[in-house]
Amino acid sequence: QAALLQKLNIQPFFYGLSISSIYDNGSLIDAKVLDLTDDDFAGMMAEGIANLTALSLGASYPTLPAVPHLITAAFKNLVGVCLETEYSIPAAEAAKAYLANPEAFAVAAPAAATKAEEKSEKSESENSESEDMGMGLFGF
């Protein structure tokens, strides 16, 4: 077939449509609307799932996307009950240990706090020197 087409001097060709505008229910829409990528669709789906999760959490209606948030909230409530009572579970032991001795968990905090205090003292002394120029609010 290819040889016959060459003898008849027929070149291969391609037909296709080029969409320039879309007409829908009396509206004329530009074709750029069709230039959405897979990432755009994935972002729209993620936003929709986030909205569904927020709605189901707000309505206290369990849905599959809301389950991890419900389990996390239930765990926080359980740890809170363990902290207020003498009942204990292994997962709440770290929180109880922190409340019993907070200094043991704050090893690096004093060094950072000291540096922050030194910086604030320097900036306050610089500000006080530049603020006092012998003039009041309106230059009197």
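Since we're looking at a predicted model, the values are computed, not measured.

Some details on the overall build of the chain
Moving on, step 1. When its secondary structure is counted, the chain shows five helices and two strands.
Moving on, step 2. The order of α-helices and β-strands along the chain, N terminus first, is α-β-β-α-α-α-α.
Moving on, step 3. Put simply, the chain has 140 residues, and 6% of those count as buried.
Moving on, step 4. Partitioning the contacts of the chain with sequence separation of at least 6, the portion at a separation of at least 24 is 0%.

Topic: the pairing of strand 2 (residues 27-30)
Moving on, step 1. Examined bridge by bridge, strand 1 (residues 21-24) and strand 2 share four bridges and lie antiparallel to one another. Within strand 2, the position partnered with Tyr23 by the bridge is Leu28.
Moving on, step 2. Counting the residues that bridge the hairpin from strand 1 to strand 2 gives two residues, and of these Asn25 lies at a positive phi of roughly 50 degrees.

Overview of the confidence of the model for the chain
Moving on, step 1. Confidence along the chain averages 78 in pLDDT terms, with 76% of residues attaining 70 or more.
Moving on, step 2. The secondary-structure element of the chain with the lowest mean pLDDT is helix 5 (residues 109-131), recorded at 56, while helix 2 (residues 38-58) shows the highest, at 92.

What about the packing of helix 3 (residues 67-84) against helix 4 (residues 93-100)?
Moving on, step 1. Close contact between helix 3 and helix 4 brings their axes to 10 Å; oriented N to C, the two are set at 45 degrees. Here helix 3 is positioned oblique relative to helix 4, judged by the angle of their axes. Here helix 3 runs over helix 4; the crossing is right-handed. Of the residues in helix 4, those in contact with Val79, Cys82 and Leu83 of helix 3 are Ala95, Lys96 and Leu99.

Details of the side chain of Thr63
Moving on, step 1. Assignment of secondary structure puts Thr63 in the loop between helix 2 and helix 3.
Moving on, step 2. Taking relative accessible area as the criterion, Thr63 reaches 17% and is therefore assigned buried.
Moving on, step 3. A polar atom in the side chain of Thr63 sits 3.1 Å from the side chain of Ser56.

Cut-off values and rules
Chains are numbered independently. Their residues run from 1 in the order of the written sequence. The predicted origin of the model limits local features to residues at a pLDDT of at least 70 and limits the giving and counting of side-chain atom pairs to 80 or more, whereas totals for whole chains, interfaces and linings rest on all residues. To get the side-chain values, take all heavy atoms of the structure and skip hydrogens and water. Helix numbers and strand numbers start at the N terminus; a helix is a DSSP run of H or I with at least 4 residues, a strand a run of E with at least 2. For each residue, the accessible area found with a 1.4 Å probe, counting protein chains only, is set against the maximum for its type, and the residue is called buried under 20%, exposed over 50%, and partly exposed in between. Here, residues are in contact when the closest pair of their heavy atoms is within 4.5 Å. Strands qualify as paired when DSSP identifies two bridges or more between them. Confidence of the predictor at the level of single residues is given by pLDDT, which spans 0 to 100. Interaxial angles span 0 to 180 degrees and are taken between N-to-C directions of axes, which are lines fitted to C-alpha atoms, for helices over the stretch in contact. Should an angle fall under 35 degrees it is taken as roughly parallel, and over 145 as roughly antiparallel, whereas 65 to 115 is taken as roughly perpendicular and any remaining angle as oblique. Throughout, a crossing is termed right-handed when the near helix is turned clockwise from the far one, and left-handed when it is turned anticlockwise from it by less than a right angle. Identification of polar contacts relies on pairs of N or O atoms within 3.5 Å, with a donor-acceptor requirement for protein atoms, meaning one able to donate a hydrogen and the other able to accept it, and with residues adjacent in sequence counted only if both atoms are side-chain atoms.

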